[in-house]
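Structural overview for review
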Amino acid sequence: YRKGNQMNPYYDRDGITIYHGDCLEILPQFPDKSFDLCLTDPPYGLNYHYLSYEDSVENLKHLIQHFVPEARRVASLMVSFTGLSNLFLYPFPDWCCAWYWKGTNVYGKMGVNQWQPIICYGKDLKGFGSINGVIKSDSFYYEGGNCGEVKDFSVHSCPKNLGIMQILVRRFSIENQIVLDPFMGSGTTLVAAKKLGRKAVGIELSEKYCEIAVKRIEAIPPNLP
């Protein structure tokens, strides 16, 4: 993904850029505060099947140790899913938000799980009341639930709903800002960003997931969300 000292994007079109490679190697090459928002969903250390990554707790601890400082350096605001079991592996955040649903298809150690933490590092957007039509809250209800709208898990083993990612893009960024996802997966964050008029940069270790992300992005009709 590099040419000399220059990174060579896997995809770069209409404000959406994808890098195929390891975010731990790519992030240090970006200048400080290159991005307005880092919105991401790192692995959870639950031994999910990924194409180019072993999803162990040990690998997750290594990722957290190295990617969090870099993400905070390159982005003015970092917003990240953690999963309940990993919340306390992360550095102490500036705030902890939550998304929740009414479904009963996920079971945790204390019964049916109906919420997940979202941690934030950095300053929130200015203003009170609502942001881009989303109430300026620290909790987000999504009817689709945890992976509720996802139909094809062969595309990615642990996808996030597009709906919740669109809510978070609207809540934590404004139009024409730049959104970063260093764990891009099949590209849901970038799809949400493009649909909402943001620029976006994704980093992904698996070339197959990069291919899927490009197809999803190219399928968005021009100027139509």
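So, here's what we can say about the structure. Note that the structure is predicted; figures quoted are calculated from it, not measured.

1. As for the overall build of the chain
- Along its length, the chain carries 5 helices and 15 strands.
- Expressed as a percentage of its 225 residues, the buried residues of the chain come to 50%.
- Long-range contacts, defined as pairs at least 24 residues apart, comprise 67% of the intrachain contacts of the chain with a sequence gap of at least 6.
- If you sum the accessible surface of the chain, you get close to 11500 Å²; carbon and sulfur atoms cover 53% of it.

2. Notes on the environment of Tyr-90
- Within the element layout of this structure, Tyr-90 appears in the loop between β6 (75–81) and β7 (95–100).
- For the pair Tyr-90 and Ile-64, spaced 26 residues apart in sequence, the C-alpha separation works out to 6.5 Å.
- Beyond its immediate sequence surroundings of up to four residues, Tyr-90 is in contact with Pro-42, Leu-60, Ile-64, Phe-67, Val-68, Ser-80, Phe-81, Thr-82, Ile-119 and Tyr-121.

3. Some thoughts on helix α5 (residues 207–218)
- Between its first and last C-alpha, α5 extends 16 Å over 12 residues, near the 16 Å set by a 1.5 Å rise per residue.
- Along α5, the residues that are buried comprise Tyr-209, Cys-210, Ile-212, Ala-213, Val-214 and Ile-217.
- Here the buried face of α5 lies against β3 (11–13), β4 (16–20), α4 (188–195) and β15 (199–204).
- Two or three places before Lys-208, at the start of α5, stands the capping residue Ser-206, its side-chain oxygen 3.3 Å from that residue's backbone nitrogen.

4. Here we look at the sheet that holds β3
- With mixed pairing, the 9 strands of this open sheet are ordered in space as β3-β4-β15-β14-β5-β6-β10-β7-β13. Single-partner strands in this sheet number two, and they are β3 and β13 (139–141). Along the sheet, successive strands turn relative to each other by an average axial angle of 15 degrees, direction set aside.
- Bridge analysis of β4 against β15 gives 5 bridges, and the strand direction is parallel.

5. Regarding helix α3 (residues 162–172)
- Among the 11 residues that make up α3, 9 are buried, leaving the element largely enclosed by the rest of the structure.
- Every buried residue belonging to α3 is among Leu-162, Gly-163, Ile-164, Met-165, Ile-167, Leu-168, Val-169, Arg-171 and Phe-172, and all of these are buried.

6. A closer look at the pattern of salt bridges
- Overall, the coordinates contain 7 salt bridges when judged by the stated rule.
- One salt bridge connects Glu-70 with Arg-73, and the closest N-O pair in it is separated by 2.8 Å. You can see Glu-70 and its partner Arg-73 sitting in helix α2 (residues 57–74), 3 residues apart, about one turn around the helix.
- Judged by its relative accessible area of 21%, Arg-73 falls in the partly exposed class.
- In this structure, the salt-bridge partner of Asp-124 is Arg-171, at a minimum N-O distance of 2.8 Å. Placement of Asp-124 in the loop between β10 (115–122) and β11 (130–131) and of Arg-171 in helix α3 is noted, with a sequence separation of 47 residues between them.
- On the basis of relative accessibility, which here comes to 3%, the residue Arg-171 falls in the buried class.
- Each member of the salt-bridge network shares a partner with another, and the members are Arg-13, Asp-14 and Glu-218.

About the thresholds
- Residues numbered from 1 in each chain as written.
- Predicted model: local features only at pLDDT ≥ 70, side-chain atom pairs only at ≥ 80, totals over all residues.
- Heavy atoms only, no water.
- Helix = DSSP H or I, 4+ residues; strand = E, 2+ residues; numbered from the N terminus.
- Buried < 20%, exposed > 50% of the residue type's maximum accessible area, 1.4 Å probe, protein only.
- Contact = heavy atoms within 4.5 Å.
- Areas by Shrake-Rupley, 256 points an atom, 1.4 Å probe, with all protein chains shown as cover.
- Expected span 1.5 Å × (residues − 1).
- Polar contact = N/O pair within 3.5 Å; in protein donor to acceptor, adjacent residues only side chain to side chain.
- Pairing = 2+ DSSP bridges.
- Axes fitted to C-alpha atoms, helices over the stretch in contact; angles between N-to-C directions.
- Salt bridge = Lys/Arg side-chain N within 4 Å of Asp/Glu carboxyl O.

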